[in-house]
Amino acid sequence: MAFARRDGELHAEQVPLSAIAREVGTPCYVYSRAALTARFRAWRDAPAAQPKLICYAVKANSNLAVLDLLARLGAGFDIVSGGELQRVLAAGGAASRVVFSGVGKTPQEMAEALAAGIRCFNVESAAELEVLEEVAAERRRPAPVALRVNPDVDPATHPYIATGLRAHKFGIELEGAFDLYRRAAASPHLRVVGLACHIGSQITDLAPFLAALDRLLDLHDRLVAAGIPLRHLDLGGGLGVRYRDETPPEPGDYVRAVSQRVGARPVELLFEPGRSVVAGAGVFLTRVLYLKRTAERNFAIVDGAMNDLLRPALYDAWMAVEAVSDAPREADRYDVVGPVCESGDFLARDRLLALAPGDLLAVRDAGAYGFSMSSNYNSRGRAAEVLVDGDRYHLVRRRETFADLVRGETRLPE
Ligand SMILES: *Cc1c(COP(=O)(O)O)cnc(C)c1O
């Protein structure tokens with residue numbers, strides 16, 4: 001257990017969280033190197049009959065130290081912007097292991113990714129394919145492509161993080177994909193290398209993944225029969241984690257089920273996990289500023305807010321919150337809220353906690369879509385990030401200052 005209570009206090013590996021809060025300040029994110037490593041290895045070392053590549057989804061947590069660690073462990077990367085490509089390269093990741101997803105790639109981003117030599121563009125529309133073809137023609141460098149299809153399966157997750165239904169903006173409708181593959185295969189500027197999908201996030205059951213896979217395999221087989229072989233099948237990300245009482249499959253179970261269904265087809269398997277690699281490897285540390293009692297509710301007002309950790313406000317996500325240190329106090333029910341001027345600014349609601357002003361709280365499973373979704377709303381500098389390694393820790397992003405906040409801004413001329 002990377003985050004465990006010892007001597008009445010929550011630790012990250014060997015380091016008491018109160019020590020980090022004292023030295024780095026709050027709010028801050030704390031990641032565990034051991035937990036990141038273990039979670040990535042669960043994917044990387046999952047046995048499969050086919051070769052496979054785990055392309056970590058950078059948007060879940062794009063800190064350079066996290067990317068560096070994963071690159072050293074042999075990760076590929078799934079990116080959704082030119083900025084993420086630059087992060088991967090800056091962290092020592094190999095472009096040859098990068099797949100580029102997203103519905104709105106600009107010609108500029110395509111050109112940069114092509115020049116870097118990425119592994120594959122996951123193309124999400126006919127119009128995008130045309131632009132990519134033009135970019136590749138101009139650069140005289142064929143672009144490796146997979147079509148990201150929309151398999152029209154319901155992942156049974158929060159509507160904002162479901163992506164594989166016909167009504168969503170993502171992917172290419174299955175019916176049209178075959179013809180688009182033919183067009184791509186006929187172009188001298190495009191190299192068809194794969195087939196991709198991504199049906200959503202925080203999926204806690206194998207059934208939707210396997211339903212999507214069946215549709216992919218059906219299309220794969222028709223393409224092969226038409227003389228369009230594929231080097232890889234990319235199942236996307238989306239494997240859920242336990243925030244409360246969910247019981248998601250382990251990566252190994254998922255990989256085994258996929259591998260069995262793919263059978264003897266000579267393809268490499270790609271997976272794009274984000275959340276399941278990093279969520280449990282991080283906590284968000286925040287300090288109680290004030291306790292406020294009203295006729296209706298009790299509020300614990302803390303120094304971390306929705307700009308630091310958006311998931312509760314955005315998806316009504318439930319994240320475990322606990323006091324970092326045991327204290328002999330009476331517990332009460334609290335809404336844990338931040339200083340931002342929005343009633344949606346809460347980290348947790350109606351939680352039983354024993355609190356006093358000055359206490360430290362840890363929000364668990366905050367390694368994914370925590371810092372990476374943070375903003376400067378209310379002119380709040382973004383939180384510090386710390387990576388713990390055994391009995392040491394590294395500040396891997398310093399807290400933002402006022403100078404950071406206004407960088408690039410100017411007043412009016414005289
Ligand atoms: C967000 C995303 C992922 C990662 O999803 P997780 O739920 O974090 O595993 C993978 N692939 C694509 C295309 C994505 O948009």
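The structure displayed is predicted, hence computed values, not measured ones.

### Some thoughts on the site of the ligand
And then number 1: As a matter of local geometry, the ligand sits amid 14 residues, with Lys 59, Ser 201, Glu 272, Arg 275 and Tyr 369 nearest to it.
And then number 2: At a separation of 2.8 Å, an oxygen atom of the ligand approaches a polar backbone atom of Gly 238.
And then number 3: Gly 274 has a polar backbone atom sitting 2.9 Å from an oxygen atom of the ligand.
And then number 4: Contact with the protein chains hides 94% of the accessible area of the ligand, taken as 390 Å² for the molecule alone.
And then number 5: Residue composition of the shell around the ligand, grouped by class: three nonpolar, six polar and five charged.

### Side note on the pattern of salt bridges
And then number 1: This model, assessed by the stated rule, comprises 25 salt bridges.
And then number 2: Between Arg 119 and Glu 268 there is a salt bridge, with its nearest N and O atoms 2.9 Å apart. In this pair, Arg 119 sits in the loop between α5 (107-116) and β8 (120-123) while Glu 268 sits in strand β13 (residues 268-271), placing the two residues 149 residues apart along the sequence. Side by side, Arg 119 and Glu 268 carry an identical accessibility label, which is buried.
And then number 3: In this structure, the salt-bridge partner of Glu 124 is Arg 148, at a minimum N-O distance of 2.8 Å. You can see Glu 124 sitting in the loop between β8 and α6 (126-139) and its partner Arg 148 sitting in strand β9 (residues 143-150), a full 24 residues away along the chain. Both residues of the pair, Glu 124 and Arg 148, belong to the buried class.
And then number 4: A single network of salt bridges, built from pairs that share partners, joins Arg 5, Glu 322, Asp 326 and Arg 364.

### Focus: the domain arrangement of the chain
And then number 1: Domain annotation for the chain reports domain 1 (3-31 + 279-406) and domain 2 (33-275).
And then number 2: Here the C-alpha centroids of domain 1 and domain 2 sit 32 Å apart.
And then number 3: Across the boundary between the two partners, domain 1 contributes 22 residues, which contact 19 residues of domain 2.
And then number 4: Each partner contributes to the roughly 1,900 Å² buried at the junction of domain 1 and domain 2, and carbon and sulfur atoms together form 57% of this total.
And then number 5: In terms of surface lost to domain 2, no three residues of domain 1 exceed Tyr 315, Trp 318 and Tyr 369, which account for 33% of the buried area on that side.
And then number 6: Scanning the region where domain 1 abuts domain 2 turns up one salt bridge.
And then number 7: On inspection of domain 1 and its partner domain 2, the count reaches 12 residue pairs in polar contact (both at pLDDT 80 or more).
And then number 8: Broken down by secondary-structure element, the contributors of at least two residues to the side of domain 1 that touches domain 2 are α11 (311-315), β20 (384-389) and β21 (392-397).
And then number 9: When residues in the side of domain 1 that touches domain 2 are grouped by element, the largest group, four residues, is from β20.
And then number 10: Counted by class, the side of domain 1 that touches domain 2 contains 13 nonpolar, three polar and six charged residues.

### Here's the deal with the nonpolar core
And then number 1: Formed by 123 residues in total, the largest nonpolar core has its most connected members in Leu 17, Val 30, Phe 77 and Phe 121.
And then number 2: Per-element tally for this core: the top contributor is helix α8 (residues 206-225), with nine residues.
And then number 3: Inspection of this core shows a minimum of three residues originating in each of domain 1 (3-31 + 279-406) and domain 2 (33-275).
And then number 4: Excluding anything up to four places from it in sequence, Leu 17 contacts Glu 9, Leu 10, His 11, Ala 12, Val 30, Val 283, Leu 285, Val 324, Leu 360 and Ala 362.
And then number 5: Val 99, Val 193, Ala 196 and Leu 270 belong to the second largest nonpolar core, which has eight residues in total.

### Brief notes about the packing of aromatic side chains
And then number 1: This structure, assessed with the given rule, holds nine aromatic pairs.
And then number 2: Note on Tyr 29 and Phe 284: the rings are 4.8 Å apart at their centroids and 45 degrees apart in plane angle, and the pair reads as tilted. Of the two residues, Tyr 29 sits in strand β4 (residues 28-32) while Phe 284 sits in strand β14 (residues 282-293), which places them 255 residues apart along the sequence.
And then number 3: For the ring pair Trp 43 and Tyr 254, a centre distance of 6.0 Å and an interplane angle of 85 degrees mean the geometry is edge-to-face. Taken together, the residues span a long stretch of sequence, with Trp 43 in helix α2 (residues 33-44) and Tyr 254 in helix α9 (residues 251-262) at a distance of 211 residues. Side by side, Trp 43 and Tyr 254 carry an identical accessibility label, which is buried.

### A short note on α8
Helical periodicity: at 3.6 residues per turn, an α-helix aligns residues three or four positions apart in one direction.
And then number 1: Look at α8: 28 Å from first C-alpha to last across 20 residues, which is about the 28 Å you get at 1.5 Å a residue.
And then number 2: The complete set of buried residues in α8 reads Leu 206, Pro 208, Phe 209, Leu 210, Ala 212, Leu 213, Leu 216, Leu 217, Leu 219, His 220 and Leu 223.
And then number 3: For α8, the secondary structure elements touched by its buried residues are β9, α7 (174-186), β11 (190-196), β12 (232-234) and α9.
And then number 4: Its side-chain oxygen 3.4 Å from the backbone nitrogen of Ala 207, Asp 205 forms the N-cap of α8.
And then number 5: Looking one or two residues past α8, Gly 227 carries a phi angle of roughly 80 degrees, positive in sign.

### Some words on the environment of Lys 59
And then number 1: Positionally, Lys 59 belongs in the loop between β5 (52-57) and α3 (64-72).
And then number 2: Separated by 19 residues in sequence, Lys 59 and Asp 78 place their C-alpha atoms 8.4 Å apart.
And then number 3: Setting aside residues no more than four positions away along its own chain, Lys 59 makes contact with Val 80, Glu 84, Tyr 369 and Ser 372.

### What about helix α1 (residues 17-24)?
And then number 1: In terms of residue burial, α1 counts as a mostly covered element, since six of its eight residues are buried.
And then number 2: Those residues of α1 not exposed but buried are Leu 17, Ser 18, Ala 19, Ile 20, Ala 21 and Val 24.
And then number 3: Positive phi appears at Gly 25, one or two residues downstream of α1, with a value of about 90 degrees.

### Thoughts on unusual backbone geometry
Glycine aside, a negative phi is what most residues show, and trans is what most peptide bonds show.
And then number 1: Following Thr 26, the chain continues into Pro 27 via a peptide bond in cis, with omega recorded as -5 degrees.
And then number 2: At Asp 152, a residue that is not glycine, the phi angle is positive and equals roughly 55 degrees.
And then number 3: Mapping Asp 152 onto the fold places it in the loop between β9 and β10 (172-173).
And then number 4: Overall, the relative accessible area of 27% leaves Asp 152 in the partly exposed class.
And then number 5: With a phi angle near 60 degrees, Asp 350 is a residue other than glycine that sits in the positive phi range.

Rules used throughout
- Residues numbered from 1 in each chain as written.
- Predicted model: local features only at pLDDT ≥ 70, side-chain atom pairs only at ≥ 80, totals over all residues.
- Heavy atoms only, no water.
- Near = heavy atom within 4 Å.
- Polar contact = N/O pair within 3.5 Å; in protein donor to acceptor, adjacent residues only side chain to side chain.
- Areas by Shrake-Rupley, 256 points an atom, 1.4 Å probe, with all protein chains shown as cover.
- Nonpolar A, V, L, I, M, F, W, Y, C, P; charged D, E, K, R; others polar.
- Salt bridge = Lys/Arg side-chain N within 4 Å of Asp/Glu carboxyl O.
- Helix = DSSP H or I, 4+ residues; strand = E, 2+ residues; numbered from the N terminus.
- Buried < 20%, exposed > 50% of the residue type's maximum accessible area, 1.4 Å probe, protein only.
- Domains from an automatic or database assignment.
- Contact = heavy atoms within 4.5 Å.
- Buried area = accessible area lost by both parts, 1.4 Å probe.
- Core = buried A, V, L, I, M, F, W, Y, C linked by side-chain atoms within 4.5 Å.
- Phe/Tyr/Trp six-rings, centres within 6.5 Å; stacked < 30°, edge-to-face > 60°.
- Expected span 1.5 Å × (residues − 1).

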